[in-house]
Amino acid sequence: MEFTPAKLNLFTFFKLPAAFWSGVRVKSISPEVCEVTVKHRWFNQNPFNSMYFAVQAMAAEFTTGALVMYQIKTSGKNISMLVAQNKSVFTKKATGRITFACTQGDAIKEAIHKAIETKEGQTIWLTSIGKNEKGEQVSEMQFEWTIKVRN
């Protein structure tokens, strides 16, 4: 799969339908950074008139997961990936359009290189920051990814 916003958004339609119908959309992706947006609306709200935490988690996780997939494809190796843990901090009500960004593509590349070199599974914590349209942080999510070279 080619890593463009349009292809990744099509991927969500078929492979992550809950994220797609909640409005999660890839805005941009490069080897270092992935940005995903989601707009607060009736379908993804909580009873407190803000975005449900699970919708934020889907968007945030996708920024990290898309970068892992991107770097795996670049490596040319058959590598498995799985989230082992996650942590979240919510600092402000998520209303309007929220943009999540992960900027750790280089760290992912290093972890994949180490997994290939050592033939041992690796773990890496990746962070995605969610900001509202005013640039104010609404949440910070961390995901521990495990990667392992398949035989």
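The structure this text deals with has already been given above.
Residues numbered from 1 in each chain as written. Predicted model: local features only at pLDDT ≥ 70, side-chain atom pairs only at ≥ 80, totals over all residues. Heavy atoms only, no water.

Asker: Which residues make up unusual backbone geometry, and what values do they have?
Answerer: For Asn-49, which is not glycine, the phi torsion reads 60° and is therefore positive. The topology assignment puts Asn-49 in the loop between β2 (34-39) and α3 (53-75). With a phi angle near 60°, Lys-119 is a residue other than glycine that sits in the positive phi range. In this fold, Lys-119 is placed in the loop between α4 (105-118) and β5 (122-131). (Helix = DSSP H or I, 4+ residues; strand = E, 2+ residues; numbered from the N terminus.)

Asker: Please set out the pairing of strand β1 (residues 25-29) residue by residue, giving values where relevant.
Answerer: Here 4 bridges tie β1 to β2, and the two strands are oriented antiparallel to one another. Residue pairing in the sheet places Arg-25 in a bridge with Thr-37 of β2. Adjacent in sequence and paired antiparallel, β1 and β2 are bridged by 4 residues. (Pairing = 2+ DSSP bridges.)

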